[in-house]
Amino acid sequence: MVTTFLRGIPVSDVYDSLTREQVKKFARDLGDLTKQVHQVIPEKDYFSTSRWANFIHERREQCISDLKNKWESLPAHLIEQIEEYLPQDMNMFLKSTPSCAFLHCDISKEHVLMSQSGDGTWNITGLLDWGDVRYGDPYYELPVIHVDHWQCDKELLKEFVIGYNTRDPGSALSYSCSPSDFSYRSMVYLLLFEFNCFQNLYTKKGVFCIHPEWKDCKTLEELAMKLWDFTSEGC
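Residue positions are given per chain, counted from 1 along the sequence in the order it is written. Only residues with pLDDT of at least 70 are given local features in this predicted model, and only at 80 or more are side-chain atom pairs given and counted; all residues enter the totals for whole chains, interfaces and linings. Side-chain metrics in this entry use all non-hydrogen atoms of the structure; hydrogen atoms and water are not considered.

K.L.:
Is there a simple way to explain the packing of aromatic side chains in this structure?
P.N.:
In this description, an aromatic ring pair is defined by two values, namely the gap between the centres and the angle between the planes. Here is the rule: rings of Phe, Tyr and Trp (six-membered ring for Trp) pair when centre to centre is within 6.5 Å. Planes less than 30 degrees apart are stacked, more than 60 are edge-to-face, and the remainder are tilted. In the structure shown here, the tally under the stated rule is 15 aromatic pairs. Look at Phe102 and Trp130: their rings are 6.2 Å apart centre to centre, the planes differ by 25°, and that puts the pair in the stacked class. Taken as a pair, Phe102 in strand 2 (residues 101-103) and Trp130 in the loop between strand 4 (122-127) and strand 5 (134-136) lie far apart in primary sequence, 28 residues in all. Since its relative accessible area comes to 11%, Phe102 is described here as buried. When the ring of Phe193 is compared with that of Phe195, the centres are 6.2 Å apart and the planes differ by 65°; the resulting orientation is edge-to-face. Taking the ring centre of Phe93 as reference, the NZ or CZ of Arg185 above it sits at 4.2 Å. The ring of Tyr139 carries the charged tip of Arg185 above its face, separated from the ring centre by 5.9 Å. Comment: elements are numbered from the N terminus, with helices defined as DSSP H or I runs of at least four residues and strands as E runs of at least two. To sort residues, take the accessible area from a 1.4 Å probe on protein chains only and compare it with the maximum for the residue type: under 20% means buried, over 50% means exposed, and anything in between is partly exposed. The rule is short: NZ of Lys or CZ of Arg within 6 Å of the ring centre and within 35 degrees of the ring normal puts a charge over the ring.

Rendered as C-alpha cells:
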C-alpha cells in the first residue's frame, strides 16, 4: 500500500467557524479544485463512456426504489413524479452530455482538507477517498457538493461555478445553457445519485428545515428551480 501525507483538516471540522466571505472563497476554490480533477486524463481501457452509460441506466432502474423505500427521501407526491420527470430517452440524455470527465463522485466535507496560513487565510490542501471515481458527466459531482457542503445555498453554488470556470470559461459546467436546463440536469443527477444526498436536506441546517415550505412544491420542476437556479432573485 502506498500512502501520501496530506496537510490539513477536513472542511467539516472548521466550516461552521468560517465567516461568510471565507465560505465564499472556499466555494470558489472548491470549484477550481473540481475543475482540476475533471481535467485529469484517465486510462482509456477502464474509463469509458459505455461504463458510464451502464451505470446511469442501472441507477435509472434503481433510484425510485431507493428514494421511496430505502431512503424515504422525498414527499410521496414528488416521488410519484420521478418516473415521468427523469429522461424518457436516457440514451439521448447521455448523448447530450457536453463532455465526459474524470469524476471523484464524493467530494464531501469529510474528504476535502483545509489548512490556515499565517495571515488567517484558509486554503484547500487535499482531496481524500478516491474509491468511487468514474468517467462521466461533470454535473454528477454537483449533488454532494451543493447539498453536503452548503445545504443548497445558491449564492455559494454561483461562487463554485465561477471558480470552476476560472481556468476554462467555456467549460461544460456553467450557465452557457439556460437556468432551467442547468437546474434540470443537476436535479436528474440528484435523483440518480448512488448515495442518499437527500438526507442532508432534512438536517437542522438542511434546506427542508430552513425552507419547510419547499416540501410542498407541487412538482419536481418547481423544486429543482428552488434548489439549483442561482440566477433567481434572492438566491
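K.L.:
Help me understand the packing of helix 9 (residues 179-192) against helix 11 (residues 220-228), please; the structure alone is not making it clear to me.
P.N.:
Relative orientation and spacing of two packed helices are given, respectively, by the angle between their axes and the distance between those axes. Only the stretch in contact is used when a helix axis is fitted, and all axes are lines through C-alpha atoms; the angle between N-to-C directions ranges over 0 to 180 degrees. Where helix 9 contacts helix 11, the two axes come as close as 9 Å, and the packing angle between them is 100°. What the angle tells us is that helix 9 and helix 11 run roughly perpendicular. The residues of helix 11 that touch helix 9, namely those facing Pro179, Ser180, Phe182, Ser183, Ser186, Met187, Leu190 and Leu191, are Leu220, Leu223, Ala224, Met225, Leu227 and Trp228. These descriptions rest on fixed angle ranges, namely under 35 degrees for roughly parallel, over 145 for roughly antiparallel, 65 to 115 for roughly perpendicular, and the rest for oblique. The contact criterion used throughout is that any non-hydrogen atoms of two residues lie within 4.5 Å.

K.L.:
Would you take a moment to explain helix 9 for this structure?
P.N.:
Along an α-helix, residues three or four positions apart point the same way, because every turn accommodates 3.6 residues. Helices are assigned an expected span. That span is 1.5 Å times one less than the residue count. The first and last C-alpha atoms of helix 9 sit 20 Å apart over 14 residues, in line with the 20 Å expected at 1.5 Å per residue. Across the 14 residues of helix 9, ten count as buried, placing the element largely inside the fold. Elements in contact with the buried residues of helix 9: helix 3 (49-70), helix 5 (82-85), helix 6 (90-95), helix 7 (142-149), helix 8 (154-164) and helix 11.

K.L.:
Just checking my understanding: could you explain the nonpolar core for this structure?
P.N.:
General note: in soluble globular proteins, nonpolar side chains tend to be found buried as a group. Buried residues of nine kinds, namely Ala, Val, Leu, Ile, Met, Phe, Trp, Tyr and Cys, make up a nonpolar core once their side-chain atoms join them within 4.5 Å. Core analysis: the largest hydrophobic core is formed by 72 residues, its most contacted members being Leu74 and Trp150. Looking at this core, the element that brings in the most residues is helix 9, giving seven residues.

K.L.:
Could you clarify how one ought to interpret the pattern of salt bridges in this entry?
P.N.:
Pairs may arise between side chains of opposite charge once their charged atoms sit close together. A pairing counts as a salt bridge when a side-chain nitrogen of Lys or Arg comes within 4 Å of a carboxyl oxygen of Asp or Glu. The final tally for this structure, using the stated rule, is ten salt bridges. Among the ionic pairs, Glu21 bridges to Lys24, the shortest N-O distance being 3.7 Å. Pair noted here: Glu21 and Lys24 are both in helix 2 (residues 20-38), with a separation of three residues, about one helical turn. By relative accessible area, which is 15% here, Lys24 ends up buried.

K.L.:
Can you help me understand the side chain of Arg185 in this one?
P.N.:
Mapped onto the secondary structure, Arg185 falls in helix 9. Taking relative accessible area as the criterion, Arg185 reaches 9% and is therefore assigned buried. Definition of a polar contact: a pair of N or O atoms within 3.5 Å, with one able to donate and the other able to accept a hydrogen when the atoms are protein atoms, and with sequence-neighbouring residues admitted only if both atoms are side-chain atoms. Among the polar contacts listed, one links the side chain of Arg185 to the side chain of Ser96, at a separation of 3.1 Å. Among all residues touching Arg185, those that are not within four sequence positions of it are Phe93, Ser96, Thr97, Pro98, Asp137 and Tyr139.

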